[in-house]
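Fold and contact review
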Amino acid sequence: MAENVRVAVRVRPFNDREKQRKASLIIDMRGNSTYIKNPEDLGAEPRSFAFDYSYWSHDEFKESANGYLEPTGGRYADQRKVFNDLGQGVLDNAWKGYNCSLFAYGQTGSGKSYSMVGYGSNKGIVPIFCEELFKGVEAKKATAGENEEYQVTLSMLEIYNEQVRDLLNPKSIAQKGGLKVRQHPSKGFYVESLVSCPVSSYNDIENKISEGTRNRTVAATNMNATSSRAHTIVAITFVQKTPNETGQSMTRTSVVNLVDLAGSERAESTGATGDRLKEGSAINQSLSTLGNVISALADLSMGKKKTVVPYRDSVLTKLLQNALGGNSKTIMIAALSPADINFDETLSTLRFADRAKAIKTTATVNESPTDKLIRELREENARLMELLKTGGITLEQLSANAGAGGQNPNQDSSEEIEEMKKAMEEELRKNQEEIENMKKTWQERLAEQENENKSNVDAELKKQEEKKVIPHFWNLHEDPALTAMIVHFTREGTSKIGNKNASPAPEITISGLSIQKQHGVVTNKGGVVKIKAIDGKILVNGAKITKETDLHHNDRVLFGPNHLYVFHHPQDEAKNVKEGKVTETPTYDTAQEEIAKKAGFMDKAGKSEEDLILQEDVIQMLPMVNEADAMSAELDKKVKFELALVSPQARGLKGGKTEVMVKMRNLENGNEWLWDRNKFINRKFLMQEMYQNYVEGADDWDVPKEKDPFWEDADVEVLIGTVHVHLMSLSHKLDIEETLTVTNYQGKENGHIEIEIMPCTPKGEGLGEDDFLDDPKELVGKELNFKFKINFGRGLPSNMRQSCCKFKFYLDNQYTSTAYGDGMNPEYKFEKLFKFPKCSQEFVDYLMESVAVIEVWGKQKDTSPKGGATLGTDTKQLMAREKSNLGDNKQTPVKKKGGNKAADSNKDNGVIIPVPPPPAEKKQNDQQVNAYKKQADDADRRAKAAEQRAASSESQVSDIRSLLTQKKRGGADTITIAELEAMLGGGGGRSTTSTAQKEHMGDQASKACTIQ
Ligand SMILES: Nc1ncnc2c1ncn2[C@@H]1O[C@H](COP(=O)(O)OP(=O)(O)OP(=O)(O)O)[C@@H](O)[C@H]1O
Ligand SMILES: [Mg+2]
């Protein structure tokens, strides 16, 4: 009978970061209802959702002596409670012979793995399930007759980027493109050659799962994969062979799928809106298809006919087809973050869970006489053999077996037939294996497996013992489930650190991005351990080492951009404990924070919530930026990445938060693009894919530039900077005629533009002097017409081919844009007549208090240097050159005009030329610190300048006002321009820019424009 998927939600405690920034709680639960409130609209009624189970694991608990989190109040749901409700049901059904599936959904860090696998003594559903299963098996065995047999086998796989890896078979992990997913005509989709290990005890299972997790960690680190994007499926097959009343052997089979899904960050947040490559990455394909499958299934269950369920669109949904819409009893657990900052994600998780409730599956008991199963397999094999022998696969057979390996529907039929044959052979082999397994006694299979396991288990036990006495490194991973999975010993003597291609093999082998053959070396002399970098980069406690450095207990060590370890020294630790000097065990977050701090990115760390959020983003993004840089260097992509903190004003906004963005710079021609976080993350996945193909030796790893994640079209507009126009003069119906500085996000001057705003008649004719308004309030209810002119730009960056200005005035929804002007001194010749027939109070207030923000956008020149200094220079050399320039805070490659003097890149069309050798050993970190400090200082300076400008505009108007009053009193009805200029020129260095001056501006612009 069809029954609904059961859905549970569980909310976790605040994590340290959330506590630190005093996050507020947005989730509440009462009975089976879960409520979520919008932190931006606290007055609104919280949204409510009803689920089969709502687990409050947020508070009302304490940690017991063994680390187990137990309830202190009635509300807290501990691991046991969750198992009793969900896991026990799965267990009961497994005994009955039903297929069961349990999957965990939720954003990264929401608690999926905690519920599924658990941490330490807080065991999750998977281990408790296994423990209970074997308890049951043992109990059965005690009273079992001769012909009863209970068999448990385990497989563990990961889907990453649409590729399947067998976590219990390390060889498959290195297999290019991963394992194939095939379709069996009756059993559905399965993974070819997936190892299924017989296990005889809970201990066996635990060992196998740890082995799988270790393999996963090594693979994730070596491939610099983002592990939270991987789906992990543990499948336990439970077979009971028992005689029925007539003595016939019956086989009852249950496949239990336990699925820990990838973090569910929504499509919008990873989809990189506006990026030409947004569809390119397969990283989200499985998860977004899962969403589509669930929606389609929900529609079907609501009676919407003709709905196509797109199982075939992703590997995950193929493998979960039964779990989602077929023969399975299915439970979903949705993990929720309690914090306000995750509101959007949490709401989307709740909506997803709500849709999943509607899905129906029909589970049947999988029981058949054992003989019958064997007979069916034999018959099936005979049929397959016949087909293969005659070689006559017809198109009908092809479609009858559709999908059996036919992964690409567009393949031509001969290719498809070939593929088909392979699939049949595989099916044959699998069936044969199954027959063999059925014939073999279970004891034989277990014995074989135990033999295989023995060396692994022994090695693991030895390692555990050695860890107690030998100093070693243990790994830190952003996913806590993958932390402390890899260990490298630093034994007495010398241990070389290098990649797998080094010969002789180094004692400490780590592979992956930017790990060199001779990366470094560790020496251990009587327990005194020192580390030295050779060809590779090593950071100890966040700082790059340049000479042999002592290692102490709990030191953090980073090899290349992403192999992060903690050094553990058992004897030092014991000594510390004796002396009462206990050091905190480092975590991934604290170690990354330290790296970011040393790189100068946490200087501004204030205590405001905004600062803390920014800090978190920096900690998340910095390692990714470093990895992207390392990939660019290895693939010789001639681009460099840098983190940029961009204020809302610099993004052309009036308010909002400072955001972390990433600047990609072409090292050959200095072109720069600023990518938002999502675009960068999306691009980084594609870079990883490309890098992986390169590492695997694929000939076609490099792709045409249109598909290249390291390439950006010079035609893509970049924001050169913004200018702020104070509108107060307009409220007095005074002309505004100014040359304004274009300031980029770093506070750097990027040229100037000249604007004029002239009050006029509705027809655009100039106003008389009488029209001047003493008090702007007089404007309320009256008309205001003015011409907005943007005349030209001067001294824009030299790599700009074209530029234009865009702005929104008052309540405009759409941007008004000028035409494109060419080069670094563009002529915009823009003029627009604005008419406000009846000014409202709000509009007058806007004129008096606000600024109009003009954004200057440009398209860069698509110049690759022809010959000259960069020809034949690879990315690593270009980066090294640039690093030496960072000493004087240059963000762009130093360009020179003639001679030896470094010239301002804004005013120079020069080519990049070799830079003199670096001043003796300037540390990169110091340089980054300086660069960041400058960025922060510039931002402060800009803020102050803006204040001054505002104050200056106000005092200017009040000066004019008093001059007017004075003149009126004296009976005069005109003021000469000269008088006005004399007055304005007098105060604080302000002066209007005379036409004569402007004509000569050109590269002197900065001197001429003193009004800002
Ligand atoms: N119910 C809970 N009680 C206590 N701590 C929890 C709970 N749920 C999660 N945590 C803690 O929150 C952190 C993140 O949880 P977890 O690793 O399970 O997230 P995840 O959803 O699996 O993330 P990812 O998608 O990155 O794998 C862990 O440190 C975990 O110990
Ligand atoms: Mg997890």
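Please read these numbers as outputs of a predicted model, since none were measured by experiment.

Section: the sheet that holds strand β33 (residues 639-646)
Ordered by their spatial adjacency, three strands build an open sheet running β33-β34-β35, and the pairing between neighbours is antiparallel. The open sheet has two edge strands, β33 and β35 (672-675), and neither has a second partner. Neighbour to neighbour, the strand axes of the sheet diverge by 25° on average, direction disregarded. Pairing analysis gives eight bridges linking β33 to strand β34 (residues 659-666), with the strands arranged antiparallel.

Points about the site of ligand 1
Around ligand 1 lies a shell of 18 residues, among which Gly109, Lys112, Ser113, Tyr114 and Tyr119 are the nearest. In this structure, Gly111 approaches ligand 1 through a main-chain N or O atom, which is 3.0 Å from an oxygen atom. Here an oxygen atom of ligand 1 sits 2.8 Å away from a polar atom, N or O, in the side chain of Ser113. Notes on ligand 1: free accessible area 630 Å², of which the protein chains cover 83%. The dominant element in the shell around ligand 1, judged by the number of residues it contributes, is helix α3 (residues 112-116), at three residues.

Here's the deal with helix α18 (residues 609-635)
A rise of 1.5 Å per residue sets the reference length of α18, with its 27 residues, at 39 Å; its end C-alpha atoms lie 39 Å apart and thus fit the reference within 8%. At Met621, α18 is deflected by roughly 30°, the largest bend along its length, and proline Pro623 occurs up to four residues later in sequence. Taken across its 27 residues, α18 has 21 buried, putting it largely inside the fold. Positioned one or two residues after α18, Asp636 has a phi angle of 55°, which is positive.

Quick notes on the packing of helix α4 (residues 125-143) against helix α6 (residues 202-222)
For any two helices packed against each other, the geometry comes down to the angle between their axes and how far apart the axes lie. Running from N to C, α4 and α6 cross one another at 155°; their axes reach a closest spacing of 9 Å. With respect to α6, the axis of α4 lies roughly antiparallel. The two elements α4 and α6 meet at a crossing, and its hand is right-handed. Here Val126, Pro127, Cys130, Glu131 and Phe134 of α4 come into contact with α6, specifically with Tyr202, Ile205 and Ile209. Within the contact of α4 with α6, the residues separate by chemical class into seven nonpolar, no polar and one charged.

Here's the deal with the packing of α6 against helix α15 (residues 442-467)
With their axes 11 Å apart at the nearest point, α6 and α15 run at an angle of 70° to one another. Between α6 and α15, the crossing angle belongs to the class labelled roughly perpendicular. The handedness of the crossing between α6 and α15 comes out as left-handed. Side by side, α6 and α15 meet where Asn207, Lys208, Glu211 and Arg214 of the first sit next to Gln449, Asn453, Asn456, Val457, Glu460 and Lys463 of the second. For the contact of α6 with α15, the per-class residue count stands at one nonpolar, four polar and five charged.

Side note on the UniProt feature "binding site: ATP" (unreviewed entry) in the chain
UniProt marks Gly106, Gln107, Thr108, Gly109, Ser110, Gly111, Lys112 and Ser113 with the feature "binding site: ATP" (unreviewed entry), using the numbering shown here. Examined against the element boundaries, Gly106 turns out to sit in the loop between β9 (100-105) and α3. For Gly106, a relative accessible area of 0% translates into the label buried. Among residues more than four places away in sequence, those in contact with Gly106 are Lys112, Ala262, Gly263, Ser264, Ala335 and Thr349. With respect to the helices and strands, the residue Ser110 is situated in the loop between β9 and α3. For Ser110, the residues in contact, after removing those within four places along its chain, are Arg12, Ala335, Leu336 and Ser337. Within the structure, Ser110 has its side chain in polar contact with the backbone oxygen of Gln107 (distance 2.6 Å).

Things to note about the nonpolar core
Ranked by size, the top nonpolar core spans 70 residues in total, and within it Phe641, Phe680, Ile753, Ile790, Phe809 and Ile854 carry the most contacts. One finds Leu261, Ala334, Leu347 and Leu350 within the second-largest nonpolar core, a separate group that totals 47 residues.

Description of the state of the cysteines
Evaluation of the coordinates by the stated rule reveals zero disulfides. Left unpaired, Cys805 is separated from the closest cysteine sulfur, that of Cys804, by 6.7 Å. Residue classification places Cys805 among the buried residues on the basis of a relative accessible area of 0%.

Remarks on the pairing of strand β18 (residues 249-260)
Relative to β18, β9 runs parallel, the two sharing five bridges. Among the inter-strand pairings, Ser101 is bridged to a residue of β18, identified as Asn257. Pairing geometry for strand β17 (residues 231-243) and β18, over 12 bridges, is antiparallel. Its bridge partner lying in β18, Ala235 is registered against Asn257. Counting the residues between successive antiparallel strands, the hairpin from β17 to β18 contains five residues, one of them, Gly247, with a positive phi of roughly 90°. Pairing between β18 and strand β21 (residues 367-369): three bridges, direction antiparallel. When the sheet's bridge partners are listed, Met250 is paired in β21 with Pro369.

Looking at the packing of aromatic side chains
Throughout the structure, instances matching the rule amount to 33 aromatic pairs. Taken together, the ring pairs in this structure connect Phe786, Phe788, Phe807, Phe809, Tyr810, Phe830, Phe834, Phe836, Phe843 and Tyr846 into an aromatic cluster. One Lys or Arg, Arg75, reaches over the ring of Trp56 and ends 3.7 Å from the middle of that ring. When the ring centre of Trp857 is taken as origin, the NZ or CZ atom of Lys806, which lies over that ring, is 5.3 Å away.

Things to note about the environment of Lys544
Looking at the secondary structure, you find Lys544 in strand β29 (residues 543-544). The exposure class of Lys544 is partly exposed, given its relative accessible area of 33%. Between the alpha carbons of Lys544 and Ile595 there is a distance of 9.7 Å; along the sequence they are 51 residues apart.

A closer look at the pattern of salt bridges
Applying the stated criterion across every chain, the model contains 42 salt bridges. Between Arg214 and Glu460 there is a salt bridge, with the nearest N and O atoms lying 3.4 Å from each other. Of this pair, Arg214 sits in helix α6 while Glu460 sits in helix α15; the two residues are 246 residues apart in sequence, bridging distant segments of the chain. According to the relative accessible area criterion, Arg214 is buried, its value standing at 19%. Taking the shortest distance from any N to any O, the salt bridge between Lys357 and Asp354 comes out at 3.0 Å. What makes Lys357 partly exposed here is its relative accessible area of 27%. You can call Asp354 partly exposed: its relative accessible area is 29%.

Things to note about the pairing of strand β32 (residues 563-568)
The buried fraction of β32 is high, at six of six residues. On β32, burial covers both faces: His563, Tyr565 and Phe567 on one face and Leu564, Val566 and His568 on the other are all buried. The pairing of strand β22 (residues 472-475) with β32 spans four bridges and is classified as antiparallel. Across the sheet, Phe473 pairs through a bridge with Phe567, a residue of β32. Where strand β31 (residues 556-559) meets β32, four bridges bridge the pair, whose relative direction is antiparallel. Residue Phe559 lies in a different strand from β32, and its bridge partner there is His563.

Conventions we followed
- Residues numbered from 1 in each chain as written.
- Chains lettered and ligands numbered in written order.
- Predicted model: local features only at pLDDT ≥ 70, side-chain atom pairs only at ≥ 80, totals over all residues.
- Heavy atoms only, no water.
- Pairing = 2+ DSSP bridges.
- Helix = DSSP H or I, 4+ residues; strand = E, 2+ residues; numbered from the N terminus.
- Axes fitted to C-alpha atoms, helices over the stretch in contact; angles between N-to-C directions.
- Near = heavy atom within 4 Å.
- Polar contact = N/O pair within 3.5 Å; in protein donor to acceptor, adjacent residues only side chain to side chain.
- Areas by Shrake-Rupley, 256 points an atom, 1.4 Å probe, with all protein chains shown as cover.
- Expected span 1.5 Å × (residues − 1).
- Bend = angle between axes of the 7 residues up to and from the residue.
- Buried < 20%, exposed > 50% of the residue type's maximum accessible area, 1.4 Å probe, protein only.
- Parallel < 35°, antiparallel > 145°, perpendicular 65-115°, else oblique.
- Left-handed = near helix turned anticlockwise from the far one by under 90°.
- Contact = heavy atoms within 4.5 Å.
- Nonpolar A, V, L, I, M, F, W, Y, C, P; charged D, E, K, R; others polar.
- UniProt positions renumbered as here; feature names shortened; annotations may be inferred.
- Core = buried A, V, L, I, M, F, W, Y, C linked by side-chain atoms within 4.5 Å.
- Disulfide = S-S within 2.5 Å.
- Phe/Tyr/Trp six-rings, centres within 6.5 Å; stacked < 30°, edge-to-face > 60°.
- Lys NZ or Arg CZ within 6 Å of the ring centre and 35° of its normal.
- Salt bridge = Lys/Arg side-chain N within 4 Å of Asp/Glu carboxyl O.

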